[in-house]
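# A structural walkthrough
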Amino acid sequence: MFALVDCNNFYVSCERAFQPALNGVPVVVLSNNDGCIVSRSAEAKALGIKMGEPLFQVRPLIEQHRVKVFSSNYALYGDMSSRVMNYLTEAAPEVEIYSADEAFLGLHGMARYLGSLETYARRIRAEVRQRTHIPTCVGIAPTKTLAKLANRVAKKDPTLDGVLSLETPEARQWALAKVPVQDVWGIGRQYAIKLHAQGIATAADLARCSDAYARKHLGGVVGARLVRELQGFPCHNLAPSEDGALSRQSIACTRTFGRPLNELADICGAVAAFASRAAEKLRRQGSVAHVLTVFISQNRFGPAPPPHTRSAQLTLPTATSSTLDLVSYATAILNRIWQPGQTYVKAGVILDGFEAAGQPQLSLFEKAPELTHPQASALMQRLDQLNARFGRAAVQVAAALPSQPKPRGTKAAPGVPWQGQQQHRTPAVTTSWDELWEIG
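Residues numbered from 1 in each chain as written. Predicted model: local features only at pLDDT ≥ 70, side-chain atom pairs only at ≥ 80, totals over all residues. Heavy atoms only, no water.

For clarity, the cut-off: UniProt positions are given in the numbering used here, feature names are shortened, and annotations may be inferred rather than shown by experiment.
An unreviewed UniProt entry lists the protein under the name DNA polymerase V, with Hymenobacter artigasi given as the organism. Listed in UniProt under the heading Sequence similarities (unreviewed entry), the comment for the protein reads: "Belongs to the DNA polymerase type-Y family."

Below, the structure is given as structure tokens:
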């Protein structure tokens, strides 16, 4: 059996955890640069505010109904996600962290010890709420696809009180009939149009399809496995890794600037900061990268003719996760693609070609990095320790530093020209000494 634990309206719930006055009030959270709506409370959904809508399009509606608007506070959301996931890893024998607000639990054989899995799920839901103030829904089923479907039904049906178990065939048939086929995990918009045209409107209709039909019309073996999972036969196990999540095969750090930039020094600082962040993520999963890509983009709606994005890729002589090396290579790539006199609105760094750290592929006459630079690994380890203790970017390379220091107690750094707009961000109350929660 599997369980899917999903945090409800996660970004909004994180804001409400430290501002109880927001309960029962329509709330939305915005994307980077305060552009689009990426999280909505139930009250905001009831007003007709859609996911992904640009803020300027719904501003009259927001002002009319006094909807509370917040910028994304990723430091807070990441920390709250860690708290939820840390508890789940204690509560279940196997965990796959599927996203920041979702996790699959492996409950195989647990019924004989726990008795009712539904009671167990309700206890998990209550514990998460007590520890973090984050509301969740839990779906239990014999397959991951059915667990996802059960979670969706539990979230939509208030009479279920946030938990639905599909342990019996009767319960599965009832839930399958309630879910439109376009809402099944793995069915995209194009497949949904095709299935509706052939009279398949619900998940129950799809579960009745034959293996041959699924292979022909739903992408071969992938579609066949989807149908089998809906029928109650598990085809997917939990992702095997230390933290329950598969290691990334590519790491990207890209941002749209808070304002257009035309100075090389400013964009160089942005690229250095993005390369530093990508290197930190790379070391966290125990990998080194062999391929580095840097891109810079102009406003595609501006007067400049296409192409609006320029990029270059470099295959590194030796795979590395060193911030110093990656920043140096990224800066060199930026100098190749930089065009004086142009204005840019976005930049990014992408790492590919991963290998396990400590096992680099060397050329015939090349020495291992730990022999040529024995202190490099220790330096990066200490860098990560300091930033983990004192906050992200507390220690960083000089190239990524802003031209002006950040005033103590401020939410954003005015001297960072590539800093995105965050006009409505709440304090990072759990991760920053300067923004600790104050109780008067």
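## A few points about the overall build of the protein
The condition that has to hold: Secondary structure is summarised from DSSP: a helix means a run of H or I of at least four residues, a strand means a run of E of at least two, and numbering begins at the N terminus for each. Only C-alpha atoms enter the radius of gyration; for comparison, a globular chain is expected to reach 2.2 Å times N to the power 0.38, where N is the number of residues. Think of it in three bands: residues with accessible area under 20% of the maximum for their type are buried, residues over 50% are exposed, and the middle band is partly exposed, with areas taken using a 1.4 Å probe on protein chains only. Whether two residues are in contact is decided by their heavy atoms: any pair within 4.5 Å suffices. Computed by Shrake-Rupley with a 1.4 Å probe, the accessible areas treat only the displayed protein chains as cover when residues are assessed. Counted as positive: Lys and Arg. Counted as negative: Asp and Glu, with His and the chain ends omitted from the count. The location of each charge is read from NZ of Lys, CZ of Arg, CG of Asp or CD of Glu.
For the protein, the helix and strand inventory stands at 16 helices and 12 strands. Against the 2.2 N^0.38 benchmark of 22 Å for 440 residues, the protein shows a C-alpha radius of gyration of 24 Å, consistent with a compact globule. Seen through its C-alpha atoms, the protein measures out along the principal axes to roughly 65 × 60 × 50 Å. Buried residues in the protein amount to 46% of all 440 residues. Contacts spanning at least 24 positions in sequence make up 66% of the contacts within the protein whose residues lie at least 6 apart. Roughly 23,000 Å² of accessible area belongs to the protein as shown, and the carbon and sulfur atoms make up 52% of that amount. Between the averaged position of the 47 positive side-chain charges in the protein and that of its 36 negative side-chain charges there is a distance of 4 Å.

## So, the packing of helix α4 (residues 74-91) against helix α6 (residues 117-132)
Just so we agree on the cut-off: Fitted lines through C-alpha atoms give the axes, limited to the stretch in contact for helices. The angle between two N-to-C directions lies from 0 to 180 degrees. With the far helix as reference, a near helix turned anticlockwise by less than a right angle produces a left-handed crossing, and one turned clockwise produces a right-handed crossing. Gly counts as polar in this scheme, as do all residues outside two lists: the nonpolar Ala, Val, Leu, Ile, Met, Phe, Trp, Tyr, Cys and Pro, and the charged Asp, Glu, Lys and Arg.
One can describe the packing of α4 onto α6 by two numbers: an axis separation of 10 Å at closest approach and a directional angle of 145°. As for how α4 packs across α6, the hand of that crossing is right-handed. Here Met80, Arg83, Val84, Tyr87, Leu88, Glu90 and Ala91 of α4 come into contact with α6, specifically with Tyr120, Arg123, Ile124, Glu127, Val128, Arg131 and Thr132. Here the residues of the contact of α4 with α6 are counted per class, giving 8 nonpolar, 1 polar and 5 charged.

## Considering the packing of helix α13 (residues 264-284) against helix α14 (residues 323-337)
Orientation of α13 relative to α14, taken along the N-to-C sense of each, is 140°, at an axis distance of 9 Å. In this structure, the crossing between α13 and α14 has a hand that is right-handed. Residue-level inspection shows Leu264, Ile267, Cys268, Val271, Ala272, Ala275, Ser276, Ala279, Leu282 and Arg283 of α13 in contact with α14, the latter providing Thr323, Leu326, Val327, Ala330, Thr331, Leu334 and Asn335. By residue class, the composition of the contact of α13 with α14 is 12 nonpolar, 4 polar and 1 charged.

## Focus: unusual backbone geometry
Look at the link from proline 306 to proline 307: it is a cis peptide, with omega at 5°. The topology assignment puts proline 307 in the loop between β10 (287-297) and β11 (309-320). Unlike most non-glycine residues, asparagine 9 shows phi in positive territory, near 45°. If you trace the backbone, asparagine 9 turns up in the loop between β1 (2-7) and α1 (10-18). Overall, asparagine 9 belongs to the partly exposed group, its relative accessible area being 23%. With a phi angle near 65°, histidine 133 is a residue other than glycine that sits in the positive phi range. Looking at where histidine 133 falls in the secondary structure, it is placed in the loop between α6 and β7 (136-141).

## Structural notes on the pairing of strand β3 (residues 37-40)
Put simply, the test is: Here, a strand pair is defined by DSSP locating no fewer than two bridges between the strands.
Pairing of strand β2 (residues 27-30) with β3 involves 3 bridges; the strand directions are antiparallel. Paired with leucine 30 across the strands is isoleucine 37, a residue of β3. Count of turn residues in the β2/β3 antiparallel hairpin: 6 residues, of which asparagine 33 carries a positive phi of about 65°.

## Side note on the sheet that holds strand β4 (residues 68-70)
One open sheet accounts for 3 strands, arranged β3-β2-β4; its pairing is mixed. Both edges of this open sheet fall to β3 and β4, since each of them pairs with a single strand only. In this sheet, adjacent strand axes meet at a mean angle of 25° when their direction is disregarded.

## Comments concerning the UniProt feature "domain: UmuC" (unreviewed entry) in the protein
Those places that UniProt annotates as "domain: UmuC" (unreviewed entry) correspond, in this numbering, to residues 2-188. Between the C-alpha atoms that bound residues 2-188 there is a distance of 23 Å. The span itself is 45% helix and 20% strand.

## Considerations on the sheet that holds β10
In space, the 4 strands of this open sheet follow the order β9-β12-β10-β11, with antiparallel pairing throughout. Whereas interior strands pair on both sides, the edge strands pair on one side only; in this sheet they are β9 (251-261) and β11. Neighbour-to-neighbour, the strand axes of this sheet turn through a mean angle of 15°, independent of strand direction. Two elements, β9 and strand β12 (residues 344-356), share 7 bridges in a ladder whose sense is antiparallel.

## Let's talk about the side chain of serine 321
Structurally, the position occupied by serine 321 is in the loop between β11 and α14. Setting aside its immediate chain neighbours within four residues, serine 321 contacts Ala279, Leu282, Arg283, Ser287, Val288 and Leu326.

## Details of the environment of lysine 148
The residue lysine 148 is located in helix α7 (residues 144-156) in this model. For the pair lysine 148 and tryptophan 185, spaced 37 residues apart in the sequence, the C-alpha separation amounts to 7.0 Å. Lysine 148 has contacts with Leu4, Tyr98, Glu102 and Trp185, leaving out every residue within four places of it along the chain.

## Here's the deal with the nonpolar core
Note the cut-off: Here, nonpolar core means buried Ala, Val, Leu, Ile, Met, Phe, Trp, Tyr and Cys residues that are tied together by side-chain atoms lying within 4.5 Å of each other.
In terms of nonpolar packing, the biggest core is built from 37 residues, with Phe257, Ile267, Val271, Phe274, Val349, Leu351 and Trp418 touching the most fellow members. For this core, the elements supplying multiple residues, two or more each, are β9, α13, β10, β11, α14 and β12. Looking at this core element by element, the count peaks at 11 residues for α13. If we skip the residues at most four places from it in the chain, phenylalanine 274 touches Cys253, Arg255, Phe257, Ala347, Gly348, Val349 and Trp418.

## What about the packing of aromatic side chains?
What counts here: Paired rings are identified among Phe, Tyr and Trp, the last through its six-membered ring, by centres lying within 6.5 Å, and are further divided according to the angle between planes into stacked (under 30 degrees), edge-to-face (over 60) and tilted (the rest).
One pass over the full model with this rule turns up 8 aromatic pairs. A ring pair is formed by tyrosine 11 and tyrosine 74, whose centres lie 6.1 Å apart and whose planes are at 75°; its orientation type is edge-to-face. Separated by 63 residues along the polypeptide, tyrosine 11 in helix α1 and tyrosine 74 in helix α4 bring together distant segments of the chain. A residue is classified by how much of its surface remains accessible, and tyrosine 11, at 22% relative accessible area, is partly exposed. Residues tyrosine 74 and tyrosine 77 carry aromatic rings whose centres are separated by 6.3 Å and whose planes lie at 90° to one another, so their mutual orientation is edge-to-face. Residue tyrosine 74 and its partner tyrosine 77 are located together in helix α4, separated by 3 residues, close to a single helical turn. One aromatic cluster in this structure is built from Phe10, Tyr11, Tyr74 and Tyr77.

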